[in-house]
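Architecture at a glance
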Amino acid sequence: LYNLGTNIFLSDVSYLTMALTAILQLGVTMDYSIFLLHSYESNKIRFEGDKERAMAHAISNTFKSITGSSVTTVAGFAALCFMTFALGANLGIVMAKGVIIGVICCVTVLPSLILICDKLIEKTHHRSLMPDLTNASHFITKHYKTTIVVFLILLFPAIYGNNHTEIYYNIDKSLPQSLPSNVANKKLSEEFGMSNIHMVMIKNGMSQKELSNMQKEIDKVDGEIGMNSVIGSSIPSDMIPSSMKEMLQSDEYEMQFICSNYKSATEKVNKQINEINNIVMKYSPGSMVIGEAPLMNDLETVTNVDLRNVNIASIVAIFVIIALVFRSITLPVILVAVIEFAIFVNMCIPFYTHTQIPFIASIVIGTIQLGATVDYAILMTNNYKGARMAGLEKKEAVQRAVASSAQSIVVSALSFFASTFGVGVYSNIDMISSLCILMARGALISMVVVIFVLPAMYMVFDKVICATSAGFRSGTKGKESKTNEILKSKTVS
């Protein structure tokens with residue numbers, strides 16, 4: 001509510017931003033609430049029921065942990081502001097603002113609510129539904145070589161599918177086909193063989209001969225039914241009502257129409273538009289070809305640039321943040337590579353299932369999935385670092401990291417999945433539905449990849465990580481038994 005309310009300071013908010021903000025913010029920031037509650041429960045035991053003291057320590061501990069986590073998420077959404085397509089900046093600003101507000105509410109409003117409702121929370125407690133994943137951690141570290149082989153086998157099909165996923169740019173296609181505009185377009189195509197109307201804004205100053213020659217050239221373009229205007233050499237000027245002249249002719253431009261039998265956002269219509277545009281520019285450099293199909297053609301050009309810029313910006317920002325947080329050269333490479341692999345797997349599925357996705361999904365999903373799920377990798381790396389600093393050897397440290405992180409990662413991923421999947425199934429606007437399905441599926445894929453592939457990476461690159469990262473050098477082996485006892489007695493979020 002605070003996030004949507006503060007949108008009043010923006011000039012406007014897109015319908016896509018309004019549709020996605022609530023579910024995205026819920027899915028991304030729910031982790032912070034869970035961290036606070038877990039920390040509070042642990043500190044209540046530690047301070048023997050002193051609730052205020054327990055909450056004070058919980059706020060302090062949670063704020064430190066979620067600050068680093070939220071920075072990567074904010075950076076991911078902020079990367080959307082590098083889009084020239086204004087929708088990206090609109091969504092990026094609102095979501096980055098939402099994450100910051102979520103953090104503030106988590107350490108101010110939520111503690112107050114928990115303390116007020118503490119008795120009710122205690123009365124409604126039940127045993128944990130999550131199984132103990134200690135045995136799973138032993139299995140993962142034992143079969144890490146198999147995991148690496150599977151990772152390498154899937155890598156190239158994932159990259160290929162990601163690069164060849166079919167994207168559509170026709171906005172009408174993302175809307176319900178029952179809308180009057182889509183019904184009308186279908187009737188025009190079936191009954192009149194016409195799928196599009198291009199408009200040409202002709203700069204005043206052309207002679208009637210030039211205008212006639214231009215019309216003849218345009219009429220010869222493939223897929224073009226004819227260029228017509230009520231204002232032109234074929235109709236005397238005196239016979240045209242002044243009201244119609246005002247609509248189709250101004251001091252600078254004259255409007256003419258071109259009927260096309262090609263659908264918007266197709267290769268054929270894009271070729272047709274380029275040919276028409278070249279003819280128009282030859283006769284009148286100041287004129288313009290406009291309409292739905294030219295708009296979709298421009299959109300394709302713009303979004304291809306946006307996709308590259310957003311991906312580069314998000315990867316660089318998160319890479320730098322991880323490097324600073326862990327003071328490491330290799331860990332940013334490993335963590336970003338693991339999440340990017342999860343993104344490739346997510347984005348390649350539409351290619352292998354022969355499913356088209358809207359253009360906006362292909363641009364923003366990589367940034368959202370990277371920013372939202374890199375937290376899973378950071379959490380596990382923190383626990384791996386803690387175990388290594390405490391003196392555990394490589395295999396034991398990785399087992400400890402998986403055992404202490406897996407439950408939190410599963411809960412976080414399932415929360416993200418739950419907040420987005422329902423909207424993806426329910427919405428009949430394909431642009432929203434496709435994006436939510438991709439985010440829901442991406443959360444589960446990232447969860448599996450972080451729990452299985454990331455520990456395998458630790459096992460393979462442990463020596464390199466220890467040599468290139470601050471605080472990762474293991475202690476003496478003689479202290480291992482004592483360290484194990486200390487670690488077992490601690491609750492790790």
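Here's what I pulled together on the structure shown here. Please read all numbers here as calculations on a predicted model, not as lab measurements. (Residues numbered from 1 in each chain as written. Predicted model: local features only at pLDDT ≥ 70, side-chain atom pairs only at ≥ 80, totals over all residues. Heavy atoms only, no water.)

**What about the packing of helix H4 (residues 86–107) against helix H5 (residues 109–116)?**
Basically, it comes down to this: Axis definition: a line fitted to C-alpha atoms, over the contacting stretch in the case of helices. Angles run 0 to 180 degrees between N-to-C directions. Here a strand is any run of E in DSSP of at least two residues, a helix any run of H or I of at least four, and the numbering for each starts at the N terminus. Note on definitions: a residue-residue contact is assigned when non-hydrogen atoms from the two residues lie within 4.5 Å. Polar here means any residue other than Ala, Val, Leu, Ile, Met, Phe, Trp, Tyr, Cys and Pro, which are nonpolar, and Asp, Glu, Lys and Arg, which are charged; Gly is therefore polar.
The geometry of H4 relative to H5 is characterised by a closest axis approach of 3 Å and an angle of 35° between their N-to-C directions. Mapping the contact onto sequence places Cys-105, Cys-106 and Val-107 in H4 and Val-109, Leu-110 and Pro-111 in H5. Of the residues belonging to the contact of H4 with H5, the class tally is six nonpolar, no polar and no charged.

**Quick look at the pattern of salt bridges**
The criterion, for reference: Criterion for a salt bridge: a side-chain nitrogen of Lys or Arg within 4 Å of a carboxyl oxygen of Asp or Glu. Each residue gets one of three labels from its accessible area relative to the maximum for its type: buried under 20%, exposed over 50%, partly exposed in between, using a 1.4 Å probe on protein chains only.
If you walk through the whole model with that rule in mind, you get six salt bridges. Residues Lys-44 and Glu-122 are paired through a salt bridge, measuring 2.8 Å at the closest nitrogen-oxygen approach. Note that Lys-44 is positioned in helix H2 (residues 15–46) and Glu-122 in helix H6 (residues 118–123), a separation of 78 residues in sequence. Across the pair Asp-462 and Arg-388 runs a salt bridge, and its minimum N-O distance is 2.7 Å. Of this pair, Asp-462 sits in helix H17 (residues 430–468) while Arg-388 sits in helix H15 (residues 359–389), and the two are 74 residues apart along the sequence. Accessibility classification places Asp-462 together with Arg-388 in one group, the buried group. A network of salt bridges, in which partner residues are shared, links Lys-44, Lys-51, Asp-118 and Glu-122.

**A word on the packing of aromatic side chains**
As a reminder, the rule being used: A pair of Phe, Tyr and Trp rings is counted when the ring centres sit within 6.5 Å of each other, with Trp represented by its six-membered ring. The angle between the planes then sorts it: under 30 degrees is stacked, over 60 is edge-to-face, the rest tilted.
Throughout the structure, instances matching the rule amount to seven aromatic pairs. Judged by centre distance (5.6 Å) and plane angle (80°), the rings of Tyr-160 and Phe-351 are edge-to-face. Residue Tyr-160 is found in helix H8 (residues 144–164), and its partner Phe-351 is found in helix H14 (residues 330–352); the two are separated by 191 residues along the sequence. The partly exposed category is assigned to Tyr-160, whose relative accessible area is 43%. Residue class for Phe-351 comes out partly exposed when judged on its relative accessible area of 24%. Residues Tyr-384 and Tyr-458 carry aromatic rings whose centres are separated by 4.2 Å and whose planes lie at 10° to one another, so their mutual orientation is stacked. Of the two residues, Tyr-384 is situated in helix H15 and Tyr-458 in helix H17; the sequence distance between them amounts to 74 residues. Joined through ring pairs, the aromatic side chains of Phe-85, Tyr-169 and Phe-359 make up one cluster.

**Looking at empty space enclosed by the protein**
As a reminder, the rule being used: A 1.4 Å probe that fits but cannot get out identifies a cavity on a 1 Å grid over protein atoms alone, an open set with protein on both sides within 12 Å along at least five of seven lines counts as a pocket, and a residue lines either if it has an atom within 4 Å of a point. Grid points are joined across faces, edges and corners, and a volume is the space filled by probe spheres set on the points.
Per the stated rule, a full pass over the model turns up three cavities of 30 Å³ or more. One number sums up the size of the largest cavity: a volume of about 40 Å³. Forming the walls of the largest cavity are Gly-27, Val-28, Asp-31, Ala-372, Asp-375, Tyr-376, Ser-412 and Phe-416. For the lining of the largest cavity, the secondary structure elements donating two or more residues are H2, H15 and helix H16 (394–426). Classifying every residue of the lining of the largest cavity gives four nonpolar, two polar and two charged.

**As for the packing of helix H3 (residues 51–78) against helix H13 (residues 292–326)**
For clarity, the cut-off: What sets the label is the angle itself: under 35 degrees gives roughly parallel, over 145 gives roughly antiparallel, 65 to 115 gives roughly perpendicular, and the rest give oblique. Put simply, a crossing is left-handed when the front helix is turned counterclockwise from the back one by less than a right angle, and right-handed when it is turned clockwise.
Viewed as axis vectors pointing N to C, H3 and H13 meet at an angle of 165°, and their least axial separation amounts to 9 Å. Put simply, H3 runs roughly antiparallel to H13. For the pair H3 and H13, the crossing hand works out as right-handed. The residues of H13 that touch H3, namely those facing Val-71, Thr-72, Ala-75 and Gly-76, are Ala-317, Ile-318 and Ile-321. Within the contact of H3 with H13, the residues separate by chemical class into five nonpolar, two polar and no charged.

**Here's the deal with the side chain of Ser-314**
Inclusion rule: Residues adjacent in sequence count toward polar contacts only when both atoms are side-chain atoms; beyond that, a polar contact is any pair of N or O atoms within 3.5 Å, and within protein one must be able to donate a hydrogen and the other to accept it.
Structurally, Ser-314 can be placed in helix H13. A polar contact of 3.0 Å, which involves the side chain of Ser-314, links it to the backbone oxygen of Asn-311. Once you skip the residues sitting within four places of it in the chain, Ser-314 turns out to touch Ala-79, Thr-367 and Leu-370.

**Some points on the state of the cysteines**
Put simply, the rule reads: Whenever a pair of cysteine sulfur atoms sits within 2.5 Å, that pair is classed as a disulfide.
Applying the stated rule across the entire model yields zero disulfides. Here Cys-81 stays unpaired: no disulfide links it, and the sulfur of Cys-436, its closest cysteine neighbor, is 20 Å away. Judged by relative accessible area, which is 36%, Cys-81 ranks as partly exposed. A disulfide-free cysteine, Cys-105 has its sulfur positioned 8.8 Å from the sulfur of Cys-106, the nearest such atom.

**What about the nonpolar core?**
Inclusion rule: As used in this record, nonpolar core signifies buried Ala, Val, Leu, Ile, Met, Phe, Trp, Tyr and Cys residues forming a set joined through side-chain atoms within 4.5 Å.
The biggest cluster of nonpolar side chains holds 100 residues, and the ones touching the most others in it are Leu-20, Phe-77, Leu-335 and Leu-454. Examining the composition of this core, we find that 20 residues originate from one element, H17, more than from any other. Setting aside residues up to four positions removed in sequence, Leu-454 forms contacts with Ile-334, Leu-335, Val-338, Ala-377, Met-380, Thr-381 and Val-449. Membership of the second largest hydrophobic core comes to 12 residues, among which are Leu-211, Val-221, Ile-258 and Ile-279.

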